[in-house]
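Listed below are the residues making up each chain.
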Amino acid sequence: MMLSYGASTSSFLLPHTVTFCTYNSQSHHPTTTHGGESHPVVTRRTLSLLATATATVTAAAFSVPILFCDSSVHCSESAAAAATPQFSELPESGGVKALDLRIGDGDSPVNGDQVAIHYYGRLAAKQGWRFDSTYDHKDETGEPLPFIFTVGSGKVISGIEAAVRSMKVGGIRRVVIPPSEGYQNMSQEPIPPDFFDRQRLFTTIFNPTRLANGEGSTLGILIFDIELVNVKHL
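Just so it is clear, the structure is predicted and the values come from calculations on it, not from any experiment. The residue numbering used here restarts from 1 in each chain and proceeds along that chain's sequence as written. Local features are withheld for residues below a pLDDT of 70 in this predicted model, meaning they are given only at 70 or higher, and side-chain atom pairs are given and counted only at 80 or more; totals for whole chains, interfaces and linings count all residues. Only hydrogens and water are set aside; all other atoms, that is, all heavy atoms of the structure, feed into the side-chain values.

**Looking at the overall build of the chain**
So, step 1. Think of it this way: any DSSP run of H or I at least four residues long counts as a helix, any run of E at least two long counts as a strand, and we number them from the N terminus. The number of helices and strands found in the chain is four helices and 14 strands.
So, step 2. Working rule for contacts: check all heavy atoms of both residues, and any pair within 4.5 Å makes them a contact. Residue pairs in contact within the chain that sit at least 24 positions apart in sequence constitute 66% of those at least 6 positions apart.
So, step 3. Note that accessible areas follow from Shrake-Rupley with a 1.4 Å probe, and for residues the cover is restricted to the protein chains shown. Accessible surface for the chain amounts to roughly 11800 Å². Of this, 52% is attributable to carbon and sulfur atoms.

**Comments concerning the pattern of salt bridges**
So, step 1. We count a salt bridge whenever a side-chain nitrogen from Lys or Arg sits within 4 Å of a carboxyl oxygen from Asp or Glu. The tally for this structure, following the rule as stated, stands at seven salt bridges.
So, step 2. Residues Glu 227 and Arg 102 are paired through a salt bridge, measuring 3.2 Å at the closest nitrogen-oxygen approach. Linking Glu 227 in strand S14 (residues 222-232) with Arg 102 in strand S9 (residues 97-102), this pair joins segments that are 125 residues apart in sequence.
So, step 3. Partly exposed residues are those whose accessible area sits between 20% and 50% of the maximum for their type, while under 20% is buried and over 50% is exposed, using a 1.4 Å probe and protein chains only. Taking relative accessible area as the criterion, Glu 227 reaches 14% and is therefore assigned buried.

**Section: the nonpolar core**
So, step 1. Residues enter a nonpolar core if they are buried and are Ala, Val, Leu, Ile, Met, Phe, Trp, Tyr or Cys, with the set joined through side-chain atoms within 4.5 Å. Membership of the largest hydrophobic core comes to 31 residues, with the highest contact counts inside it found for Ile 117, Phe 149, Ile 160, Phe 224 and Ile 226.
So, step 2. Counting only elements with at least two residues in this core, the list comes to strand S10 (114-123), strand S11 (129-133), strand S12 (147-150), helix H1 (158-165), strand S13 (172-177), helix H2 (195-205) and S14.
So, step 3. Of all the elements, S14 adds the most residues to this core, at five residues.
So, step 4. Excluding residues that lie within four positions of it along the chain, Ile 160 makes contacts with Ile 117, Phe 149, Ile 177, Pro 190, Phe 224 and Ile 226.

**Some thoughts on the pairing of S11**
So, step 1. Counting buried residues in S11 gives four out of five residues, a clear majority hidden from the surface.
So, step 2. Following DSSP output, two strands are said to pair if at least two bridges run between them. Strand direction decides the pairing type here: S10 and S11, joined by four bridges, are antiparallel. Bridge pairing in S11 links Arg 122 to Arg 130.
So, step 3. Between the antiparallel neighbours S10 and S11 lie five residues, among them Gln 127 with a positive phi of about 55°.

No statement about biological role is implied by the geometric values presented.
And the structure:
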């Protein structure tokens, strides 16, 4: 599945062109079908994301893995006929914009609930650099570990909490988080476990010279793909 969008700080739109992936059992590689012809796609399921920012943000290209389209199954062709998706601002979120990639059918969390999420976190100021992903955090069996936190605890950046509050278990949402709802200090979670990734992230967001030059409104823009895995009512 290939989606692309042009983004600014005020609007986030996805064009109508949507290519759904199928699986070629003979070649053992996923393919796309366009105009009656099959074309190979990257074997690791990817989503091309093209973001065009304002004059103070460099145009960036993002390659975001699809969490919900397995190459061994056929993605639903009926979704191709859907209306052009559009980012919308989440109510009372401080400007967080969201696009639901899959609507869940489970519970939604409330304050005090413990939630488990998978995510891909990217930094717009570094041309979509992926600074962290729960799929890189593995247990002793090699299985990816979700990120677990308590809603309303204040330990997680507010943009993620705002995104998760209105999701349902099983849902996947892409969110664009403005700096005011992103990292305000270096102790807020999720914190990249790799020292160099953590250093690169925070030295970019909290760069004193660039902040003094008036770039604070763009340095900390974050892009997260979030999958709500579980909600535990405590």
